[in-house]
Amino acid sequence: MAGIKALISLSFGGAIGLMFLMLGCALPVYNEYWPLFLLFFYILSPIPYCVSRRVVDDTDSTSNACKELAIFLTTGIVVSAFGLPVIFARADVIQWGACALVLTGNIVIFGTILGFFLVFGSNDDFSWQQW
């Protein structure tokens with residue numbers, strides 16, 4: 001039952017994060033949809049870690065090149081997702097208020113993605129690898 005509660009809270013967090021992203025785009029004050037390009041970053045961010053978990057069998061080692069490369073690529077994707085709205089705001093493509101809403105949505109969504117891997121990332125009975 002604890003897995004169901006975690007899944008429901010994670011889905012609620014994802015919905016709140018997407019709400020902030022949509023508010024940054026669709027409010028009549030801002031009315032620019034360029035921040036929706038961040039959806040690509042949300043989709044791409046867990047892929048390197050998921051691939052490295054499938055490729056690497058030895059999870060007990062302290063250092064693994066494939067795992068570290070996956071974390072490096074994920075970090076680059078997350079930093080890019082935080083940098084893109086700031087670049088848009090500096091170039092006057094979006095307003096700074098929309099940038100703040102989008103960055104708030106980034107924090108919530110990436111926190112939700114991190115929470116998913118913390119809750120379902122272990123190799124026990126209730127794991128995301130079973131899906």
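Residues numbered from 1 in each chain as written. Predicted model: local features only at pLDDT ≥ 70, side-chain atom pairs only at ≥ 80, totals over all residues. Heavy atoms only, no water.

As recorded in an unreviewed UniProt entry, the protein chain goes by the name Leptin receptor overlapping transcript-like 1, listed as coming from Electrophorus voltai. Turning to the protein chain, the UniProt annotation filed under Sequence similarities (unreviewed entry) states: "Belongs to the OB-RGRP/VPS55 family." According to UniProt, the comment filed for the protein chain under the heading Subcellular location (unreviewed entry) is "Membrane". (UniProt positions renumbered as here; feature names shortened; annotations may be inferred.)

### Quick word on the confidence of the model for the protein chain
In the predicted model, the protein chain carries a mean pLDDT of 87, and the fraction of residues at 70 or more is 85%. For the protein chain, per-element mean pLDDT is lowest for helix H3 (residues 47-55), which scores 86, and highest for helix H2 (residues 38-44), which scores 95. (pLDDT = per-residue confidence, 0-100. Helix = DSSP H or I, 4+ residues; strand = E, 2+ residues; numbered from the N terminus.)

### A look at the UniProt feature "transmembrane region" (unreviewed entry) in the protein chain
Residues annotated in UniProt with the feature "transmembrane region" (unreviewed entry) correspond here to residues 7-30, 36-56, 68-88 and 94-120. Helix and strand shares over residues 7-30 are 83% and 0% respectively, and the end C-alpha atoms of the span are 33 Å apart. The span residues 68-88 is 100% helical and 0% strand by assignment, and the distance between its end C-alpha atoms comes to 30 Å.

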